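# Breakdown of the fold
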Amino acid sequence: MYSDKVMDHFRKPRNAGVIENPDAVGEVGNPACGDVMKIYLKINKDEIINEIKFQTFGCASAIACSSMVTELAINKHIDVAEKISRKDIADALDGLPAPKMHCSNLGADALQEAIKNYRSSKQS
Ligand code: FES
């Protein structure tokens, strides 16, 4: 039912963990199931994400989606990274079973939340 890529990212998540002194943090919960994801970013002076880590308390799909979103966002400008969609994440994992599509929301939403928090911290 799960693609090989989902199983690979679930078993060996990329960029799992915490960044000390991050430039931005985004945290979201999935109202459909109560699972939670937190994403940490280091952003350089050119606004490129040069480090990204995640903590996810969720299902296998949520962990695979979290891992994949970090791979899609690393070394990207924040303007590009914030456009990564739920579909981009699911497609990069060779699809998710239909009942698990909502799990990809966590990755995209947490990244967007972190970038939004980064922008608002720069304005203040
Ligand atoms: Fe909660 Fe997948 S069941 S994110």
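That block above? That's the structure.
The rules behind each value
Residues numbered from 1 in each chain as written. Predicted model: local features only at pLDDT ≥ 70, side-chain atom pairs only at ≥ 80, totals over all residues. Heavy atoms only, no water. Pairing = 2+ DSSP bridges. Helix = DSSP H or I, 4+ residues; strand = E, 2+ residues; numbered from the N terminus. Buried < 20%, exposed > 50% of the residue type's maximum accessible area, 1.4 Å probe, protein only. Lys, Arg positive; Asp, Glu negative; His and termini not counted. Salt bridge = Lys/Arg side-chain N within 4 Å of Asp/Glu carboxyl O. Polar contact = N/O pair within 3.5 Å; in protein donor to acceptor, adjacent residues only side chain to side chain. Contact = heavy atoms within 4.5 Å. Expected span 1.5 Å × (residues − 1).

## What to know about the pairing of strand β3 (residues 49–57)
- Here strand β2 (residues 36–43) runs beside β3; their pairing, made up of 8 bridges, is antiparallel. The partner of Ile39 across the bridge, within β3, is Phe54.
- Once β2 ends, the chain turns through 5 residues before running back antiparallel as β3, passing Glu47 with a positive phi of about 65°.

## Things to note about the side chain of Asp35
- If you trace the backbone, Asp35 turns up in the loop between β1 (24–29) and β2.
- Of the side chains with opposite charge, Lys100 comes closest to the buried, unpaired Asp35, at an N-O distance of 6.5 Å.
- For Asp35, the side chain forms a polar contact with the main-chain nitrogen of Cys59, separated by 3.3 Å.
- Setting aside residues up to four positions removed in sequence, Asp35 forms contacts with Val28, Gly29, Asn30, Phe57, Gly58, Cys59 and Leu106.

## Section: helix α5 (residues 104–123)
- If you check α5, its first and last C-alpha atoms are 30 Å apart, about what 20 residues at 1.5 Å a residue would give, namely 28 Å.
- Looking at α5, one finds that the buried residues are Ser104, Leu106, Gly107, Ala108, Ala110, Leu111, Ala114, Ile115 and Tyr118.
- If you follow the buried residues of α5, they end up packed against β1, β2, β3, α2 (60–73), α3 (78–81) and α4 (86–92).

## A closer look at unusual backbone geometry
- Unusually for a residue other than glycine, Asn21 sits at a positive phi of about 55°.
- Within the fold, Asn21 resides in the loop between α1 (4–11) and β1.
- One non-glycine residue with positive phi stands out, namely Asp94, at about 60°.
- Looking at the element boundaries, Asp94 is found in the loop between α4 and α5.
- With relative accessibility at 53%, the residue Asp94 sits in the exposed group.

## What about the side chain of Ser66?
- You can see Ser66 is positioned in helix α2.
- At a separation of 2.6 Å, a polar atom in the side chain of Ser66 contacts the main-chain carbonyl oxygen of Ala62.
- Setting aside chain neighbours within four positions, we find Ser66 in contact with Met37, Phe54 and Thr56.

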